Amino acid sequence: MLLAGLLAAILIVLVWLLVRSFGTERRLQSALSEVLADQLEHQLGAQHREILRDLHEGLARQTDRIGEHARADRELLQRGLTAASMQLSRGMQALTQSVDGRLDTLSGQVSQRLDEGFRKTNETFASVMARLATIDEAQKKIDGLTTNVVSLQELLGDKRARGAFGEVQLEALVQNMLPPDAYAFQAVLPNGTRVDCLLSLPAPTGKVAVDAKFPLENYHRMFDGEAGGLERRAAQTAFRTDVRRHIDAIANKYLLPGVTSDGAVMFLPAEAVFAEIHAYHPELVAYAQQRRVWLVSPTTLMAVLNTARAVLKDVETRKQIHVIQDALGKLAKDFHRFDERMAALARHIEQASRDVQDVQTSSRKISAHFHKIESVQLEDGEAVERG
């Protein structure tokens with residue numbers, strides 16, 4: 001029993017020693033774990049700081065390289081834009097000089113033509129005013145006459161006087177309506193005949209002879225109240241014969257193939273004679289047309305001359321239009337070359353603009369990556385790859 005009690009006491013002591021040693025071991029393990037954790041944390045912190053320092057150094061070097069490339073790109077782009085600007089300036093200067101030269105030439109030609117036209121117009125206007133002044137003076141003299149009134153029959157009783165009156169009236173109408181280079185008075189034709197007026201019109205009309213005729217004697221006899229019916233009828237027959245004779249004379253002397261046009265003009269200075277022929281003697285009008293002689297009075301001659309002046313003006317205008325069109329054609333070629341050069345310059349500028357946009361896109365991407373790096377939003381693997 002004593003031995004059993006001793007053994008039990010020994011076992012109790014051993015159990016107590018084992019329990020105590022186990023608790024001590026656990027405390028030692030816990031303390032060792034804390035020490036190891038502190039050392040591990042210290043080592044990991046040092047490694048992390050080292051990695052971060054390397055990363056910042058690599059990013060700084062990469063930033064410096066990107067900045068150098070960006071500066072080089074900006075310098076290259078600036079040189080390209082400067083060269084393009086200089087080329088555009090030279091091209092614009094050359095084109096401006098060419099256009100100015102063309103416009104100066106065209107302006108000089110137009111100014112010369114306009115000055116010439118104004119000069120002719122002023123001369124015509126001055127001539128008209130002078131003749132109007134003469135007419136006004138003559139009208140005043142006529143109004144001042146109260147006695148010794150001379151009848152038209154007495155005034156034009158002589159054939160030469162009638163012829164001179166018709167020629168003067170014809171000259172006044174033609175000079176007032178046409179430019180000086182469009183007519184010639186008392187012109188001599190190749191067959192030796194002399195025509196009162198020869199109009200020079202553009203092709204295909206050519207030269208038109210105008211001759212003044214004044215069959216007045218028998219015309220007055222036709223309306224003489226003191227004459228009998230037989231005398232008036234005889235005067236009417238003689239009047240028709242006179243008109244036919246004048247028509248034949250004009251057709252035979254003034255219609256020359258290859259020299260004059262195929263028609264001539266017979267000028268009747270009195271409107272009454274012209275009206276009498278057209279109203280009561282249509283056979284004379286038909287005969288004149290058959291002989292290609294056109295009967296005109298002062299009023300109808302003015303219409304014919306006005307038409308001739310319009311034709312001359314149209315021809316002169318066409319000449320001026322040809323000059324202007326030629327100058328505009330040359331100017332159009334210059335503008336076409338300018339358009340081609342401007343299109344080429346636009347392509348260069350567009351390419352430079354696209355390059356600038358690409359550089360700006362790359363810059364924005366780099367800036368975005370820098371912002372992410374500074375905000376520590378990149379993963380470790382991506383940060384290493386970017387470095």
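The structure this text deals with has already been given above.
So, here is what we can say about the structure in this document. Starting afresh in each chain, residues are numbered from 1 along the sequence in its written order. With the structure being a predicted model, the display of local features is reserved for residues of pLDDT at least 70 and the display and counting of side-chain atom pairs for 80 or more, all residues being used for whole-chain, interface and lining totals. Hydrogens are left out, water is left out, and the side-chain values use all remaining heavy atoms of the structure.

Take the overall build of the protein next. Helix and strand assignments follow DSSP, with helices taken as H or I runs no shorter than four residues and strands as E runs no shorter than two, numbered in order from the N terminus. If you tally the helices and strands in the protein, you get nine helices and five strands. For the protein, the sequential pattern of α-helices and β-strands runs α-α-α-β-β-β-α-α-β-α-α-β-α-α. Each residue's exposure class comes from its accessible area (1.4 Å probe, protein chains only) as a fraction of the maximum for that residue type: buried when under 20%, exposed when over 50%, partly exposed otherwise. Sorting the 387 residues of the protein into buried and exposed places 22% on the buried side. Considering only contacts within the protein whose residues lie at least 6 apart along the sequence, 67% involve residues at least 24 apart. Accessibility throughout is a Shrake-Rupley quantity obtained with a 1.4 Å probe, and a residue counts as covered only by protein chains that appear here. Of the roughly 26900 Å² of accessible surface on the protein, 59% is carried by carbon and sulfur atoms. Contacts were defined at the residue level, with two residues in contact if any of their heavy atoms lie within 4.5 Å.

Here we take up unusual backbone geometry. A cis amide bond links A203 to the next residue, P204, at an omega of 5°. Tracing the backbone through its elements, the reader meets P204 in the loop between β2 (194-200) and β3 (207-212). Unusually for a residue other than glycine, Q186 sits at a positive phi of about 55°. With respect to the element layout, Q186 can be found in strand β1 (residues 183-188).

Further remarks concern the sheet that holds strand β5 (residues 293-296). Only strands joined by at least two bridges in the DSSP assignment are considered to pair. Taken in spatial order, the five strands of this open sheet run β1-β2-β3-β4-β5, and their pairing is mixed. The open sheet is flanked by β1 and β5, the only strands paired with a single partner. Sheet twist, expressed as the average angle between the axes of neighbouring strands with direction ignored, equals 30°. Each axis is a line fitted through C-alpha atoms, taken for helices only over the stretch in contact, and angles between the N-to-C directions span 0 to 180 degrees.

Here the focus is the packing of aromatic side chains. A pair of aromatic rings is counted whenever rings of Phe, Tyr or Trp (Trp by its six-membered ring) have centres within 6.5 Å, and the orientation is called stacked for planes under 30 degrees apart, edge-to-face for over 60 and tilted otherwise. If you walk through the whole model with that rule in mind, you get three aromatic pairs. Where Y183 meets F185, the ring centres are 5.0 Å apart and the plane angle is 50°; that geometry is what we call tilted. Its relative accessible area of 22% is what places F185 among the partly exposed residues. Aromatic ring contacts, followed pair by pair, group Y219, F223 and F239 into a single cluster.

For salt bridges, the criterion is a side-chain nitrogen of Lys or Arg within 4 Å of an Asp or Glu carboxyl oxygen. Under the defined criterion, the tally for this structure stands at five salt bridges. R240 is paired through a salt bridge with E283; the nearest N and O atoms lie 3.9 Å apart. Taken together, the residues span a long stretch of sequence, with R240 in helix α5 (residues 229-254) and E283 in helix α7 (residues 282-290) at a distance of 43 residues.

Before going further, it helps to spend a moment on the packing of α5 against α7. Relative placement of two packed helices is described by the angle separating their axes and the distance separating the axes. Orientation of α5 relative to α7, taken along the N-to-C sense of each, is 10°, at an axis distance of 10 Å. Here α5 is positioned roughly parallel relative to α7, judged by the angle of their axes. The segment α5 lies against α7, with R240, V243, R244, I247 and D248 engaging E283, L284, Y287 and A288. Gly counts as polar in this scheme, as do all residues outside two lists: the nonpolar Ala, Val, Leu, Ile, Met, Phe, Trp, Tyr, Cys and Pro, and the charged Asp, Glu, Lys and Arg. Of the residues assigned to the contact of α5 with α7, the class counts are five nonpolar, no polar and four charged. Oblique is the label for every angle not falling under 35 degrees (roughly parallel), over 145 degrees (roughly antiparallel), or within 65 to 115 degrees (roughly perpendicular).

Bringing the packing of helix α6 (residues 271-280) against α7 into the picture now. Two numbers describe how α6 lies on α7: the axes approach to 5 Å, and their chain directions differ by 95°. When the axes of α6 and α7 are compared, the pair comes out roughly perpendicular. Residues I277, H278 and Y280 of α6 pack against P282, L284 and V285 of α7. Tallied by class, residues from the contact of α6 with α7 come to five nonpolar, one polar and no charged.

Our next topic: α7. Every buried residue of α7 is listed here: L284, V285, Y287 and A288. All buried residues of α7 project into a common sector of 165° when viewed along the axis, lining one side. Exposed residues on α7 whose side chains face more than 90 degrees from its buried face are P282 and Q290. In this structure, the buried residues of α7 make contact with α5, α6 and β5. With its phi angle positive at about 60°, R292 sits one or two positions after the end of α7. This arc describes the spread of directions from the helix axis toward the C-beta atoms.

Among the secondary structure elements, V356 is positioned in helix α8 (residues 298-374). Taking C-alpha positions, V356 is 8.0 Å from L77, a pair spaced 279 residues apart along the chain.

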